[in-house]
Amino acid sequence: MKLIEKDFVVGGAKCGTFYAYGDVEPELEITPDTPSITRVLPAPYFYEKRLFFHLIKRIEPGIKPDFPNGGFEVRDEGGALRSFDLDQVIIHPHVIKHQKTLDKMVRRAEKEAKKRERQWKKAARDAAKPKNKTGKRGRPALDPAVKAAREAEVTARAERSGGRRGRPKSEVSTPKTLKPTGGKRGRPSLSLEAIAAKAQAKAAVRARSGGKRGRPKRK
């Protein structure tokens, strides 16, 4: 058994291609005696190992106008009805343990997975590399006009500074004037009433304690 591509022709014009089977082994062929619940494998889904299709019926050539050459009606795992040509459907290799076809499916799937992985890694490497149109390594050379302008600017700056580095000292000095705040610094003074109340409270505390500090002794 091998997977082939056939031309999809509409009105005498080629509109693309579709997958079909060629040189199918007799044990994989679907005959009129094949049960309608048999698991099958349509050619467009040959490498999709997780999908599940089962046979509904086989349409012989000339029975239905929509299928003048015959075909198959199958149902997918979601319940949708799909139609294929007679050379597009075989019995699923898992049903009869057809190891030769199973090996083809595994090998092709592994090759495609490794190919995709190599493409992803190459795309990641290319994206990480800086864009270099010249093909040379390192920083690209400056344009001669830009280079001459930069050198002229460096020379002019050196002449202005006398060869000294850094910002030149300003020759204009602005004297600092202190502005008065208009008030005294520190905590504001207490009023006479507050001073008298504070002295009275202190005298009352001293009268109770007899002039002694700390907590009185317990009798």
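Residues numbered from 1 in each chain as written. Predicted model: local features only at pLDDT ≥ 70, side-chain atom pairs only at ≥ 80, totals over all residues. Heavy atoms only, no water.

Asker: Give a description of the overall build of the protein that names residues and reports values.
Answerer: Within the protein, the regular secondary structure consists of four helices and seven strands. Expressed as a percentage of its 219 residues, the buried residues of the protein come to 16%. Put simply, 44% of the contacts in the protein that link residues at least 6 apart link residues at least 24 apart. Counting only carbon and sulfur atoms, one obtains 54% of the accessible surface of the protein, whose full area is about 19100 Å². (Helix = DSSP H or I, 4+ residues; strand = E, 2+ residues; numbered from the N terminus. Buried < 20%, exposed > 50% of the residue type's maximum accessible area, 1.4 Å probe, protein only. Contact = heavy atoms within 4.5 Å. Areas by Shrake-Rupley, 256 points an atom, 1.4 Å probe, with all protein chains shown as cover.)

Asker: Pulling in residues and values, what's your account of the pairing of strand β3 (residues 39–42)?
Answerer: Alternating residues of β3 divide into R39 and L41 and V40 and P42, and every residue in both groups is buried. As judged from the two bridges shared by β3 and strand β4 (residues 53–59), these two strands associate in the antiparallel manner. Bridge assignment links R39 to a residue of β4, and that residue is H54. As paired elements, β3 and strand β7 (residues 89–91) share three bridges and run antiparallel to each other. Bridge assignment links P42 to a residue of β7, and that residue is V89. (Pairing = 2+ DSSP bridges.)

Asker: Describe the side chain of E73, naming the residues involved and giving the relevant values.
Answerer: Following the sequence through the fold, E73 ends up in strand β5 (residues 71–76). Residues within four places of E73 in sequence aside, it is in contact with L55, I56, K57, I59, K64, L81, R82 and S83.

Asker: Describe the nonpolar core, naming the residues involved and giving the relevant values.
Answerer: Ranked by size, the top nonpolar core spans nine residues in total: I30, V40, F53, L55, F72, V74, F84, V89 and I91. Excluding anything up to four places from it in sequence, F53 contacts T38, R39, V40, P42, Y45, V74, R75, D76 and R82. In terms of nonpolar packing, the next biggest core, distinct from the first, is built from seven residues, M1, Y21, L41 and I90 among them. (Core = buried A, V, L, I, M, F, W, Y, C linked by side-chain atoms within 4.5 Å.)

Asker: Can you lay out the pairing of β4 for me, pointing to particular residues and giving the numbers?
Answerer: The side chains of a regular strand alternate, first on one face of the sheet and then on the other. Sheet analysis places β4 next to β5, joined by six bridges and oriented antiparallel. From the neighbouring strand, F53 faces β5, where its bridge partner is D76.

Asker: Explain the packing of aromatic side chains residue by residue, including any values.
Answerer: As enumerated under the stated definition, the model contains four aromatic pairs in all. Geometrically, the ring pair formed by Y21 and F46 is edge-to-face, given 6.1 Å between the ring centres and 70° between the ring planes. Here the residue Y21 occupies a position in strand β2 (residues 13–22), and F46 occupies one in the loop between β3 and β4, the gap between them amounting to 25 residues. Overall, F46 belongs to the buried group, its relative accessible area being 3%. Ring centres of F46 and Y47 lie 4.9 Å apart, and the angle between their planes is 85°; on these two criteria the pair is classed as edge-to-face. (Phe/Tyr/Trp six-rings, centres within 6.5 Å; stacked < 30°, edge-to-face > 60°.)

Asker: Explain helix α3 (residues 144–161) to me, and be specific about the residues and the numbers.
Answerer: The terminal C-alpha atoms of α3, which comprises 18 residues, lie 26 Å apart, in line with the 26 Å expected from a rise of 1.5 Å per residue. Positive phi shows up at G162, right after α3, with a value of about 70°. (Expected span 1.5 Å × (residues − 1).)

Asker: So, the sheet that holds β4: which residues are in play, and what are the values?
Answerer: With respect to topology, five strands assemble into an open sheet ordered β6-β5-β4-β3-β7, the strand pairing being antiparallel. Where the open sheet ends on each side, the last strands, each with one partner, are β6 (81–84) and β7. Sheet twist, expressed as the mean angle between neighbouring strand axes with direction ignored, is 45°. (Axes fitted to C-alpha atoms, helices over the stretch in contact; angles between N-to-C directions.)

Asker: Describe the pattern of salt bridges, listing the residues and the values that go with them.
Answerer: Counting across every chain of the model gives eight salt bridges. The shortest N-O distance in the salt bridge between K14 and D7 comes to 3.3 Å. What makes D7 partly exposed here is its relative accessible area of 46%. The residue K64 makes a salt bridge to E73 at a minimum N-O spacing of 3.2 Å. Given the relative accessible area of 27%, K64 is considered partly exposed. Take E73: its relative accessible area is 9%, and that puts it in the buried class. (Salt bridge = Lys/Arg side-chain N within 4 Å of Asp/Glu carboxyl O.)

Asker: Account for helix α4 (residues 192–209), naming residues and giving values.
Answerer: Between the first and last C-alpha of α4 there are 26 Å, a value that for 18 residues agrees with the 26 Å anticipated at 1.5 Å per step. G210 lies just past α4 and shows a positive phi near 70°.

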